[in-house]
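Residues per chain, in single letters:
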Amino acid sequence: MCIRDRYWDYNILPIVCSHEPGGSSVKNVMHWMQNYQKEGFYYFDYGTEAVNLKHYNQTTPPSYPTSNLKQWTTPTLFISGKQDYLATQEDLKAFLDLLPEEQEKYIETKLIDDYSHIDLVWAQNAAEWVFKDVVEFLEKH
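Residues numbered from 1 in each chain as written. Predicted model: local features only at pLDDT ≥ 70, side-chain atom pairs only at ≥ 80, totals over all residues. Heavy atoms only, no water.

### Overview of the overall build of the protein chain
The condition is simple: Comment: elements are numbered from the N terminus, with helices defined as DSSP H or I runs of at least four residues and strands as E runs of at least two. Using a 1.4 Å probe on the protein chains alone, a residue whose accessible area is under 20% of its type maximum counts as buried, one over 50% counts as exposed, and one in between counts as partly exposed. Between two residues, a contact is recorded if the distance between any of their heavy atoms is within 4.5 Å. Using the Shrake-Rupley algorithm and a 1.4 Å probe, accessible areas are obtained, with residue cover drawn only from the displayed protein chains.
Helices and strands together make up the secondary structure of the protein chain, namely 6 helices and 2 strands. Along the three orthogonal principal directions, the C-alpha set of the protein chain runs to about 50 × 40 × 25 Å. Each of the 141 residues in the protein chain was classed as buried or not, and the buried ones make up 28%. In the protein chain, the proportion of contacts linking residues at least 24 apart, taken out of those at least 6 apart, comes to 58%. On the protein chain, roughly 9900 Å² of surface is accessible, and the fraction owed to carbon and sulfur atoms is 56%.

And the structure:
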């Protein structure tokens, strides 16, 4: 689900496991799961109406405002793997569809057919297939 065997060096598994999920927490992973289950982009659900009311002044978590995306002018490169079942092509399309057409000039995308979620960082050929494009994109912008 997260890696593709053909690009994976299992000798680095202890290193990967010491870093993944990097910079995250149980609450953050729970939040990702909540948004996956709700098929939306909502603030964290604290599980009870009373606690949500305390945090949000309403009994359910509000959705994140997306209207500010209309002001997006930062050049951004989205690289995704076609075999990624955590951040799917449908997810990326749904996000990009939130952006007005005039912002397409700021967005570039690259799809790697045989990559999954953490292949983008840990695959043996990531330097050639991912990092090179990131450096070129940064140099261009």
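So that's the structure; there's more coming.
### Some points on the nonpolar core
The line we're drawing: Grouping buried Ala, Val, Leu, Ile, Met, Phe, Trp, Tyr and Cys residues that are joined through side-chain atoms within 4.5 Å yields what is termed a nonpolar core.
Core analysis: the largest hydrophobic core is formed by 8 residues, namely Tyr7, Ile79, Ile112, Tyr115, Leu120, Ala123, Ala126 and Val130. Apart from the residues lying within four places of it in its own chain, the contact partners of Ala126 are Tyr115, Asp119, Leu120, Val121 and Phe131. Of all hydrophobic cores here, the second largest spans 6 residues; its members include Leu69, Trp72, Phe78 and Ile107.

### Details of the pattern of salt bridges
The test is simple: What makes a salt bridge here is a side-chain nitrogen of Lys or Arg within 4 Å of a carboxyl oxygen of Asp or Glu, nothing more.
On inspection of all chains with the given rule, the structure shows 4 salt bridges. Residue Lys93 pairs with Asp97 through a salt bridge whose shortest N-O separation is 2.7 Å. Taken as a pair, Lys93 and Asp97 lie in helix α4 (residues 89-97) at a separation of 4 residues, close to a single helical turn. With a shortest N-O distance of 2.7 Å, Lys140 and Glu108 are connected by a salt bridge. In this pair, Lys140 sits in helix α6 (residues 126-140) while Glu108 sits in strand β2 (residues 107-112), placing the two residues 32 residues apart along the sequence. Given a relative accessible area of 53%, Lys140 falls into the exposed group.

### Quick notes on the environment of Thr48
Heads up, the rule is: The definition of a polar contact used here is a pair of N or O atoms within 3.5 Å, where within protein one atom must be able to donate a hydrogen and the other to accept one, and adjacent residues in sequence count solely through side-chain atom pairs.
Topologically, Thr48 is positioned in the loop between α2 (26-38) and α3 (49-56). Note: C-alpha distance between Thr48 and Thr60 (12 residues apart in sequence) is 8.3 Å. In terms of polar contacts, Thr48 uses its side chain to reach the backbone amide nitrogen of Val51, at 3.1 Å.

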